[in-house]
Amino acid sequence: AVMLCAGRQAMVERAVRCYRAQTYHPRQLVVFDNGAQQIEMVWLPDEIHVDARRFAGETIGALRNAANAACYGADILCHFDSDDWSHPARLTEQVALLQSSGKQCVGYRRALFWDTRPSAPAAWEYTAPSWMETYSIDAARCYWRAYWEARPLVDAPIADFAWWAADPGSFVGEVPPEPRMVCGIHGDNMSGSYRPDVMSKPEWRRAPEFDAYCALCTGADGGNIGAWNHGNTTTSRRRGLRRLRRR
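Here's what I pulled together on the structure shown here. (Residues numbered from 1 in each chain as written. Predicted model: local features only at pLDDT ≥ 70, side-chain atom pairs only at ≥ 80, totals over all residues. Heavy atoms only, no water.)

1. Things to note about the sheet that holds strand β4 (residues 76-78)
Overall, mixed pairing links the four strands, which are arranged β4-β9-β6-β10 in an open sheet. Sheet topology places β4 and β10 (171-174) at the edges, where each strand pairs with a single neighbour. Between one strand axis and the next, the sheet turns by 15° as a mean value, whatever way the strands run. Sheet topology places β4 next to strand β9 (residues 142-144); three bridges connect them, and they run antiparallel. For I76, the partnering residue across the bridge sits in β9 and is W144. Against the sheet, helix α3 (residues 90-101) touches β4, β6 (105-108), β9 and β10, its axis set at about 140° to β6. (Pairing = 2+ DSSP bridges. Helix = DSSP H or I, 4+ residues; strand = E, 2+ residues; numbered from the N terminus. Axes fitted to C-alpha atoms, helices over the stretch in contact; angles between N-to-C directions. Contact = heavy atoms within 4.5 Å.)

Structure, rendered in structure tokens:
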């Protein structure tokens, strides 16, 4: 798993707890840290903290390439961003799909986004349009290292632009039956520039039934997973899951 970060200590700590809760083994986490203030944590043996301050100011495409290159010995690379929450089964399921699908890259076409910028934080659901059937959200991608080595990301400032050089026929975008990720929207990430609350595009849907879910997953204890992933299903969450399955 590859994690890009630049500051945001609390978010990184939560994301690392999410990684530690993953059911997939064997695994390795590379934390590619290009922030002026380096993240301070007690790292486990399968976690590598890379001081990447020399890459400050680089584009997302260049950062992804440099971080992937630091994953020595890994056959599979998976994005595990510092400002997102991942279900503990995410790596297991994505690696299994990558191995069984015959594709070079797998990911999610649908995910929840938690916008913390308003005075009242809000959950949004993003679903890629049908004509983008091979598309997957950048933060949710899992792919063979050999494929990335043959087609490095373009040196572009926006993640999706960096992937346009890839062969779309080698991709698969999955719609998970239940939420597998909650992606963060905040003041200094690329998702924040899309402003789903004002874009009025059909792929974005305000999802109030997931407000409590997103708040818990991305809260101070969100990386510890908790009852949301072990059968404690509230009425609000059941309605949300039924909505996801119907789409």
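On we go.
2. Looking at the pairing of β10
Side chains F171 and G173 of β10 all project onto a buried face; the interleaved residues V172 and E174 project onto a face where none is buried. Sheet topology places β6 next to β10; four bridges connect them, and they run parallel. When the sheet's bridge partners are listed, V106 is paired in β10 with V172. (Buried < 20%, exposed > 50% of the residue type's maximum accessible area, 1.4 Å probe, protein only.)

3. Comments concerning α3
Its 12 residues place the ends of α3 16 Å apart at the C-alpha level, agreeing with the 16 Å of an ideal helix rising 1.5 Å per residue. Summarising the contacts, the buried residues of α3 are in contact with β4, β5 (84-86), β6, β9 and β11 (181-185). Backbone geometry just downstream of α3 places G102 in the positive-phi region, at approximately 80°. (Expected span 1.5 Å × (residues − 1).)

4. A few points about the environment of I48
For I48, the position within the fold is in strand β3 (residues 47-51). Between the C-alpha atoms of I48 and Q28, which are 20 residues apart in sequence, the distance is 7.7 Å. Beyond its immediate chain neighbours, meaning those up to four positions away, I48 contacts Q28, L29, V30 and V31.

5. Describing the sheet that holds β5
In any sheet, the strands associate via hydrogen bonds between backbone groups, in a parallel or an antiparallel arrangement. On the basis of which strands lie adjacent, the open sheet formed by five strands has the order β5-β11-β7-β8-β12 and mixed pairing. Looking at the sheet topology across the chains shown, the edges are occupied by β5 and β12 (204-206). Mean inter-strand twist for the sheet, computed between neighbouring axes without regard to direction, equals 25°. Two elements, strand β8 (residues 122-127) and β12, share three bridges in a ladder whose sense is antiparallel. Paired with W124 across the two strands is R206, which belongs to β12.

Limitation: the analysis is restricted to geometry and does not speak to function.
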